Structure formats: C-alpha cells, structure tokens
Amino acid sequence: MHDMHTPEQALEIAAAATRQARDAAELPTWGPVAAGLLAGLGVALFGVAEAQIDFTSALNLIGLIGGTLSLAAFFAVSRWLARVRRERGLVPAPVSMWKVILVVVVLAPMVPMLGLAFPALYGWLCGLAGVIAGGWIWMTQARPRTMPWIN
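1. Things to note about the overall build of the protein
So, point 1. Looking only at helices and strands, one finds 5 helices and 2 strands in the protein.
So, point 2. Reading the protein from its N end, one meets helices and strands in the order α-α-α-β-α-α-β.
So, point 3. For the protein, the residues scored as buried account for 23% of the 151 residues in total.
So, point 4. Counting only carbon and sulfur atoms, one obtains 72% of the accessible surface of the protein, whose full area is about 10900 Å².

2. Considering a nonpolar patch on the surface
So, point 1. On the surface, Trp 98, Leu 102, Val 106, Met 110, Met 113, Leu 114, Phe 118, Leu 121 and Trp 124 cluster together into a nonpolar patch covering about 940 Å² of accessible area.
So, point 2. Take the nonpolar patch: its biggest share by element is 6 residues, from helix α4 (residues 97-117).
So, point 3. Among the structural elements, Met 113 can be located in helix α4.

3. With respect to the confidence of the model for the protein
In low-pLDDT regions, the fine details of the predicted coordinates are not to be read closely.
So, point 1. Here the protein averages 78 in pLDDT, and 82% of its residues register 70 or above.
So, point 2. Mean pLDDT across the secondary structure elements of the protein bottoms out at strand β2 (residues 146-147), with 66, and peaks at helix α3 (residues 58-87), with 86.

4. A few points about the side chain of Arg 85
So, point 1. Inspection of the secondary structure assignment puts Arg 85 in helix α3.
So, point 2. Glu 87 provides the closest opposite charge to the buried, unpaired Arg 85, separated from it by 11 Å.
So, point 3. Looking at Arg 85, its side chain comes within polar contact range of the main-chain oxygen of Gln 141, at 2.4 Å.
So, point 4. Not counting residues within four places of it along the chain, the set of residues in contact with Arg 85 comprises Leu 27, Pro 32, Leu 90, Gln 141 and Pro 144.

5. Section: the packing of aromatic side chains
So, point 1. Throughout the structure, instances matching the rule amount to 2 aromatic pairs.
So, point 2. Between the aromatic rings of Trp 30 and Trp 80, the centroid separation amounts to 5.3 Å while the plane-to-plane angle is 20°, which identifies the pairing as stacked. Pair noted here: Trp 30 is in helix α2 (residues 30-51) and Trp 80 is in helix α3, with a separation of 50 residues, a long-range link.
So, point 3. Classification of Trp 80 by relative accessible area gives partly exposed; the value is 29%.
So, point 4. Where Phe 74 meets Phe 75, the ring centres are 5.0 Å apart and the plane angle is 50°; that geometry is what we call tilted.
So, point 5. With a relative accessible area of 11%, Phe 74 lands in the buried category.
So, point 6. We classify Phe 75 as exposed; its relative accessible area is 51%.

6. Re the side chain of Ser 70
So, point 1. You can see Ser 70 is positioned in helix α3.
So, point 2. Exposure remark for Ser 70: the relative accessible area of 7% places this residue in the buried category.
So, point 3. Discounting residues that sit within four places of it in the chain, Ser 70 has contacts with Leu 38, Leu 41, Gly 42 and Leu 45.

7. Observations concerning α3
Along an α-helix, residues three or four apart share an orientation, since each turn contains 3.6 residues.
So, point 1. Under the 1.5 Å per step criterion, the end-to-end length of α3 is 43 Å for 30 residues, consistent within 8% with the ideal 44 Å.
So, point 2. Along α3, the residues that are buried comprise Asn 60, Gly 63, Gly 66, Gly 67, Ser 70, Phe 74, Val 77, Ser 78, Leu 81, Val 84 and Arg 85.
So, point 3. After α3 finishes, the residue Gly 89 shows a positive phi value of roughly 95°.

Cut-offs applied
- Residues numbered from 1 in each chain as written.
- Predicted model: local features only at pLDDT ≥ 70, side-chain atom pairs only at ≥ 80, totals over all residues.
- Heavy atoms only, no water.
- Helix = DSSP H or I, 4+ residues; strand = E, 2+ residues; numbered from the N terminus.
- Buried < 20%, exposed > 50% of the residue type's maximum accessible area, 1.4 Å probe, protein only.
- Areas by Shrake-Rupley, 256 points an atom, 1.4 Å probe, with all protein chains shown as cover.
- Patch = residues over 30% accessible without salt bridge, like charges linked within 9 Å, V, L, I, M, F, W, Y side chains within 5 Å.
- Salt bridge = Lys/Arg side-chain N within 4 Å of Asp/Glu carboxyl O.
- pLDDT = per-residue confidence, 0-100.
- Lys, Arg positive; Asp, Glu negative; His and termini not counted.
- Polar contact = N/O pair within 3.5 Å; in protein donor to acceptor, adjacent residues only side chain to side chain.
- Contact = heavy atoms within 4.5 Å.
- Phe/Tyr/Trp six-rings, centres within 6.5 Å; stacked < 30°, edge-to-face > 60°.
- Expected span 1.5 Å × (residues − 1).

Put into structure tokens, the structure is as follows:
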C-alpha cells in the first residue's frame, strides 16, 4: 500500500509544486485577444463581401482579401497558441460537439436568412456575426479547458 507522508514531506512536496508553478513561463495574454479580433474581422468582412453581387467592386475585393488575410492570421495565431500551450504542459480538452453544431447550424445560416428578411440591416448583421464569433473565440482561447495528464 501507500505510506502516509510525514508533515515535512508534505510541506516539501507543496513547496516544490509552488516553486515549479512560479518558475513556469506565463502564457501569452495577447494571443486570445488577437485570435478573437482577427476571427471576428474575417467573419464580418466575408459577410460584407457576400452582400455585393458585382465581384469587381472595391468593397467586395476589400472584403474578400481582408477576410481571407484575417482568417489566415487567426488560424496562424491559434495554431501558435496551441503549440505554446502543449509545450508548457497544457493538454487541450476536445471541443464539445454541441458548440460546433451551434456555430455551424445556427450562427452561419442565421445571418443570410435575417439579411433576406431585413436587407437594410445586412451590414449590421455581418458586424454582429463578427462580434459574436470573435467574442466566442476570444473567450474560449482566454480560458482553455484542459485535460489532466494520463499516467
């Protein structure tokens, strides 16, 4: 069986854990903010670009190019954050399926449907979708769910 630790051993274990936590490098705090802002900007710009039927207009080109660059930068920052967290011992928990379904099935089709119902508000709806997507990504990146190490 397991031997009970003496108070001195328990204190030594706690001190070692505290020392290890203080010596551990901090995770970057700008990463979740940048990921959320880039994702929200990309969603909003793509929404604005979709509203234009003429693919030669400047607004459409700005939306397509800016949205593509924003989302590419978002994916780069997200991959970098995941790599840094993994290197520092944080194993991310898998994303719940209901969250993925909520974004793909509810949020993505909702903006075009509301845009068809209220064409005058389409730009505001694209901005709102960008704020929702960016805020959600910011929140989930800032407080990652982690799994304990499996021995």
